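# Geometric and topological summary
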Amino acid sequence: VAMLEALIVIVSGYAAYSGRDFLGDLVGVSPADITTPPVRLFVFLLTYACLTVICNAAQNLYSDAAIRSARGARGRILKGFMVSSMISIMIVFIAGEKAVPRLIVASTPLFSLVGVLCLRYVMERYNLKRIERGIGNQHVLIVGSGEVGQAFRSYLQGHTQLGKTFCGFVDWEPGTRPFCLGTPDDLPRILTENFIDEIYFTPSISRDLVVRIVLEARRQRIGVKVV
């Protein structure tokens, strides 16, 4: 994803430069003021692409959750572009007013932002199609069916784009809560029968129980996380 976004930035810059005559007419800038040596333009675009990737990484935009949900990541994408654009403008200003035409410096982030948002949207739709077909889904087991566990269950069921299918709870009192599959003593059977891929612990679980379940999860090569 990072490589694709960097490529989008570079292509957007060249697209803006190729259409400089049209853009110049729109804002009333002479074509002679929108020319720059190819090497200088490439250096600017490469620098801007690297800054964009770094700023997006700082916003945690390459995590699975951000990639799977473009709508939830739009604000962070915009913030990352604002920071990378400001740094790029400062670099151009320090290098000299004529280093890169101001129209190209202004239009490249706009084209790049549109391109990245379109890429994220396409990836989100592709991910949803895969999830609808049952491809790449992860079966989740939650240890602890209290308030936090129930809230996390609702979150998973309301965010299907994450590709995590809630299978049930493990609790010491399975008869008192809905969706409980059994007690920790039943864990080997539950993991096998439900094809569990990830186990999530809620904060109220005792340390001894955590250690016990983690050992069983490692034995069956199952991921373990904490809510």
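Relevant structure appears above.
Computed from a predicted structure; not experimentally measured.

Right, let's get into the packing of aromatic side chains. In total, this model carries four aromatic pairs according to the counting rule given. Measuring from centroid to centroid gives 5.8 Å for Phe166 and Phe179, while their planes differ by 80 degrees, and the two rings are edge-to-face. Here Phe166, found in strand β2 (residues 164-170), pairs with Phe179, found in the loop between β2 and β3 (180-182); they are 13 residues apart in sequence, far enough to count as distant. Residue classification places Phe179 among the partly exposed residues on the basis of a relative accessible area of 44%. Connected via pairs of aromatic rings, a cluster forms that spans Phe166, Phe169 and Phe179.

Since there are 3.6 residues in each turn of an α-helix, residues three or four apart along the chain are aligned in direction. Over its 31 residues, helix α6 (residues 102-132) runs 46 Å from end to end, which matches the ideal 45 Å to within 8%, given 1.5 Å per residue. Looking one or two places after α6, you find Gly134, whose phi comes out positive at around 80 degrees.

In terms of nonpolar packing, the biggest core is built from 23 residues, with Phe44, Ile77, Phe81 and Val100 touching the most fellow members. At the level of elements, α1 (2-18), α3 (38-58), α5 (70-95) and α6 are the ones that each hand at least two residues to this core. In terms of residue count, the dominant contributor to this core is α3 (six residues). If you look at the next biggest cluster of nonpolar residues, it comprises 15 residues, including Val170, Leu191, Ile196 and Leu209.

Given a rise of 1.5 Å per residue, twelve residues ought to cover 16 Å, and the 17 Å separating the end C-alpha atoms of helix α7 (residues 147-158) matches this to within 8%. Within α7, the full set of buried residues consists of Gly149, Gln150, Phe152, Arg153 and Leu156. One side of α7 carries all its buried residues, which in axial view fall inside an arc of 160 degrees. α7 presents Glu147 and Gly158 as exposed residues on the side facing more than 90 degrees away from its buried surface. Close packing links the buried residues of α7 with β1 (138-143), β2 and β4 (198-201).

Moving on, we come to the sheet that holds β3. Taken together, the five strands give an open sheet; going across it, the order is β3-β2-β1-β4-β5, and neighbouring strands pair in parallel fashion. Edge positions in the sheet fall to β3 and β5 (223-226), since each of these pairs with one other strand and no more. Looking at each pair of strands side by side, their axes are set apart by 35 degrees on average, direction ignored. The sheet contact formed by β2 and β3 spans two bridges and is parallel. Bridge assignment links Phe169 to a residue of β3, and that residue is Cys180. Lying on the sheet, α7 is in contact with β1, β2 and β4; it crosses β2 at an angle near 160 degrees. Of the strands in this sheet, β1, β4 and β5 touch helix α9 (residues 207-219), which is tilted by about 175 degrees from β4.

The rules behind the values
Per chain, residue numbering runs from 1 following the sequence as it is written. Residue-level local features of this predicted model are given only where pLDDT is at least 70; pairs of side-chain atoms are given and counted only at 80 or more, and the full residue set underlies all totals for whole chains, interfaces and linings. The basis for every side-chain value is the complete set of non-hydrogen atoms in the structure, without hydrogens or water. Ring pairs are drawn from Phe, Tyr and Trp, using the six-membered ring of Trp, whenever the two centres fall within 6.5 Å, and their geometry is named by plane angle: stacked under 30 degrees, edge-to-face over 60, tilted for the rest. In this text, helices come from DSSP runs of H or I with a minimum length of four residues, and strands from runs of E with a minimum of two, each type numbered from the N-terminal end. Accessibility here uses a 1.4 Å probe with only protein chains present; expressed as a share of the type maximum, an area under 20% marks a residue as buried, one over 50% as exposed, and anything in between as partly exposed. Each helix should span, by expectation, one fewer than its residue count multiplied by 1.5 Å. Nonpolar cores are built from buried Ala, Val, Leu, Ile, Met, Phe, Trp, Tyr and Cys residues. Side-chain atoms within 4.5 Å join them into one set. The arc in question is traced by the directions running from the helix axis to the C-beta atoms. Working rule for contacts: check all heavy atoms of both residues, and any pair within 4.5 Å makes them a contact. Think of it this way: DSSP has to see at least two bridges between two strands before they count as a pair. Fitted lines through C-alpha atoms serve as axes, helices being fitted only where they are in contact, and the angles separating the N-to-C directions of these axes extend from 0 to 180 degrees.

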